[in-house]
Amino acid sequence: MATCWQGLWAYRFYLIVFFLPIFLLPLPILLPTKEAYCAYAIILMALFWCTEALPLAVTALFPIILFPMMGIMKASEVCIEYFKDTNILFIGGLLVAIAVEHWNLHKRIALRVLLIIGVRPALLMLGFMLVTAFLSMWISNTATTAMMAPIAHAVFQQLQKAPKGKDVEEGTNNPTFELQEPSPHKEMAKVDNGQVYPVPPGPLEPRDQKNQEQRRFSQGMSLCVCYSASIGGIATLTGTTPNLVLQGQINSLFPKNGNVVNFASWFSFAFPTMVILLLLAWLWLQVLFLGFNFRKNFGIGGQAQEEEQAAFQVIQTEHKLLGPMSFAEKAVTILFVLLVLLWFTREPGFFLGWADLAFPNANGESMVSDGTVAIFISIIMFIVPSKIPGLTQDPEKPRRLKAPSALLNWKTVNEKMPWNIVFLLGGGFALAKGSEDSGLSKWLGDKLTPLNSVSAPTIVFILCLLVATFTECTSNVATTTLFLPILASMAQAICLHPLYVMLPCTLSASLAFMLPVATPPNAIIFSFGGLKVSDMAQTGFLLNITGVLVIMLAINSWGFPIFNLHTFPSWAYANATALCMVSQANTSMPIP
């Protein structure tokens, strides 16, 4: 019997792929309508995404097969959804991020900031969180965590090493490890075999307690890296994929939205949210893993000890190994800063951007998108040489001249570009378009009209908690892809501004703090050891709640003027209920 169960478990993915489509067949057979056909495709893809019976990107290709066969959309219409402007923005942003990573510019920034902040326990944790969050705004959360985790591990190893000098001989206290409880003056003596024993009768802090403090500090350092990577990703439109899913869904479901979600508007809303959440996460981690003795955590009144100096030396050595900034690093820095400036000033909203002035269409609207800017800077990186042009010889063929390589080359891009996410994004856009064309969105909206009697903040709070819970077990991209079309239909049905519901739920999809499998940064940190699932779950639970509350604060305060959430927008009227069309003055939510 045990062998039978083992066999079923070993072949579980094959069984799911084979039997699940058959199990769901009664839905389209008993209800032969386009709405039911589309629901069948969505449910099937959602279950495949949740179980990961097939790779996520492979599941995302299902609409190309199912929608034409079911008469929902033409194949040519479905395929267009897989390479929209949002996908171009994703690719362009990643190309620039790959250049930053390829020339180690991100590592230079990280080490420089850590040298400035210092290695006192609380400040060290804050330094790692600030650096990780800033880098994850521009490069992938996974790459940021993979770079910062070894640095954090190396620094902590130096802090953990037993003192070899005056701490042993003179018995001085080390405030780096005494994070919570004060300890009396210690005296040590060496015996012939080299072991160190306490000299009586002086009282001594138990070794187990010191080891416990070190272990807790190590756990806090590890978790601060993966948490800040997830938090930092929400600050920019290209910081994490769910943000781009929202932009793509808005543009797909509401094509006349006037580019309401762009880089500048997103940053104005999400960056303050990120800063508040990051500081609260730092305080929570400090209290949980360093204790309440803030004077000792910040090193007030203490002198630098050998362990702190050794840890600082590790960071300094790593920084020195990078050497002076090369021409390539300087060129990438200039192009990166130029990209950000072009993104911010393209269509800022509160004044005419350069795109509105230089490249308007017949209606005076910008013909250039954020994706255009990203691809423009990326192409320049394929052109600009990585060294100052000159006559240099090929090392392999000394008598032949060789030109320097460009800042970016296709081999590097092909190795580091996550092409699967491009298909995953496209699959989500195809699902949203199929839901609209089949009438499933309208059907869902009609069924959700009773929610009109519930206050808008309550609805959004419950939905944020639901998304934050769901994303612990499923890919955050899959979560937003599945939820956003439904949320858009619900918002139209109850006359809510679609962004009032979709924005906070998109941010909540990045609140994956409880489980190692929730997001790649968590898995990377967990693989270093020293953490149990219970440690991450206990720490992440309160952080999830805190994140939802901060998002609710953001959407109900500065989110209103940025996205004009006070009224139901005219661009959402296309599929809105008759009530919203008649009563244009309906507010998106009652004043809290």
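Since we're looking at a predicted model, the values are computed, not measured.

The helix and strand tally for the chain stands at 30 helices and four strands. Relative to its 592 residues, the chain shows a buried fraction of 51%. Across the chain, the fraction of contacts at a sequence separation of at least 24, relative to all contacts at a separation of at least 6, is 75%. Accessible area of the chain: about 27,100 Å², with a carbon and sulfur share of 67%.

Below, the discussion takes up unusual backbone geometry. Located in the positive-phi region is E52, a residue other than glycine, with phi close to 55 degrees. Relative to the elements of secondary structure, E52 occurs in the loop between α4 (34-51) and α5 (56-59). Unusually for a residue other than glycine, N564 sits at a positive phi of about 55 degrees. In this fold, N564 is placed in the loop between α29 (559-563) and α30 (578-582).

A cluster of nonpolar side chains, contributed by W5, L8, Y11, Y14, L15, F18, F19, I22, L25, I29, L30 and L31, occupies part of the molecular surface with about 1,300 Å² of accessible area. Looking at the nonpolar patch, the element that brings in the most residues is helix α2 (residues 12-23), giving five residues. As for its placement among the helices and strands, L8 is situated in helix α1 (residues 2-10). The exposure class assigned to L8 is partly exposed, which follows from its relative accessible area of 38%.

Another aspect to go through is the side chain of H106. Within the element layout of this structure, H106 appears in helix α9 (residues 105-117). Excluding its chain neighbours within four sequence positions, the residues that come into contact with H106 are V100, E101, L135, I139 and M147.

With that settled, the discussion passes to the packing of aromatic side chains. Aromatic ring pairs are described here by two measures, namely the spacing of the ring centres and the angle between the planes. This structure, assessed with the given rule, holds 19 aromatic pairs. Summarising the aromatic geometry, the rings of Y11 and Y14 are spaced 5.8 Å apart at their centres and angled 45 degrees between planes, so their arrangement reads as tilted. Taking 5.1 Å as the distance between ring centres and 65 degrees as the angle between the ring planes, the aromatic pair formed by Y227 and F513 counts as edge-to-face. Of this pair, Y227 sits in helix α13 (residues 207-232) while F513 sits in the loop between α26 (498-508) and α27 (520-527), placing them 286 residues apart in sequence. Y227 sits in the buried class, given a relative accessible area of 0%. A cation sits over an aromatic face here: R12 above W9, 4.0 Å from the ring centre. Residue placement shows R12 over the ring face of F13; its charged tip is 4.5 Å from the ring centre.

This part covers the environment of D356. The residue D356 is located in helix α19 (residues 354-358) in this model. Under the relative-accessibility criterion, D356 is labelled buried at 13%. Separated by ten residues in the primary sequence, D356 and S366 have C-alpha atoms spaced 4.7 Å apart. Setting aside residues up to four positions removed in sequence, D356 forms contacts with R346, E347, G364, E365 and S366.

In this section: the side chain of R346. With respect to the helices and strands, R346 occurs in helix α18 (residues 327-346). A polar side-chain atom of R346 sits 3.4 Å from a polar atom in the side chain of E347. At a separation of 2.7 Å, a polar atom in the side chain of R346 contacts the main-chain carbonyl oxygen of V368. What R346 contacts, discounting residues up to four positions off in sequence, is N259, N262, G353, W354, A355, D356, S366, V368, S369, D370 and V373.

With that settled, consider the nonpolar core. Counting 163 residues, the largest nonpolar core has W49, M125, F128, M148 and M381 as the members making the most contacts within it. Ranked by residue count, the leading element in this core is helix α15 (residues 263-290), at 13 residues.

Moving on, we get to the confidence of the model for the chain. For the chain, per-residue confidence averages 82 on the pLDDT scale, and residues scoring 70 or more make up 83% of the total. Low pLDDT, under 50, characterises residues 162-205; the stretch is placed with 85 contacts to residues that sit more than four places away or in other chains.

Before going further, it helps to examine the environment of T144. Mapped onto the elements of the fold, T144 is located in helix α11 (residues 141-160). Separated by 84 residues in the primary sequence, T144 and S228 have C-alpha atoms spaced 9.9 Å apart. Excluding its chain neighbours within four sequence positions, the residues that come into contact with T144 are T132, L135, S136 and I139. One polar contact links the side chain of T144 to the main-chain carbonyl oxygen of S140, over a distance of 2.9 Å.

Attention now moves to the pattern of salt bridges. Within the structure shown, the criterion is met by five salt bridges. Between K107 and E318 there is a salt bridge, with the nearest N and O atoms lying 3.3 Å from each other. Residue K107 is located in helix α9, and its partner E318 is located in helix α17 (residues 306-321); the two are separated by 211 residues in the primary sequence. Overall, the relative accessible area of 29% leaves E318 in the partly exposed class. Between E347 and R346 there is a salt bridge, with the nearest N and O atoms lying 3.4 Å from each other. Side by side, E347 and R346 carry an identical accessibility label, which is buried. Within this structure, R346, E347 and D370 form a network of salt bridges that share partners.

Thresholds applied
Residues numbered from 1 in each chain as written. Predicted model: local features only at pLDDT ≥ 70, side-chain atom pairs only at ≥ 80, totals over all residues. Heavy atoms only, no water. Helix = DSSP H or I, 4+ residues; strand = E, 2+ residues; numbered from the N terminus. Buried < 20%, exposed > 50% of the residue type's maximum accessible area, 1.4 Å probe, protein only. Contact = heavy atoms within 4.5 Å. Areas by Shrake-Rupley, 256 points an atom, 1.4 Å probe, with all protein chains shown as cover. Patch = residues over 30% accessible without salt bridge, like charges linked within 9 Å, V, L, I, M, F, W, Y side chains within 5 Å. Salt bridge = Lys/Arg side-chain N within 4 Å of Asp/Glu carboxyl O. Phe/Tyr/Trp six-rings, centres within 6.5 Å; stacked < 30°, edge-to-face > 60°. Lys NZ or Arg CZ within 6 Å of the ring centre and 35° of its normal. Polar contact = N/O pair within 3.5 Å; in protein donor to acceptor, adjacent residues only side chain to side chain. Core = buried A, V, L, I, M, F, W, Y, C linked by side-chain atoms within 4.5 Å. pLDDT = per-residue confidence, 0-100.

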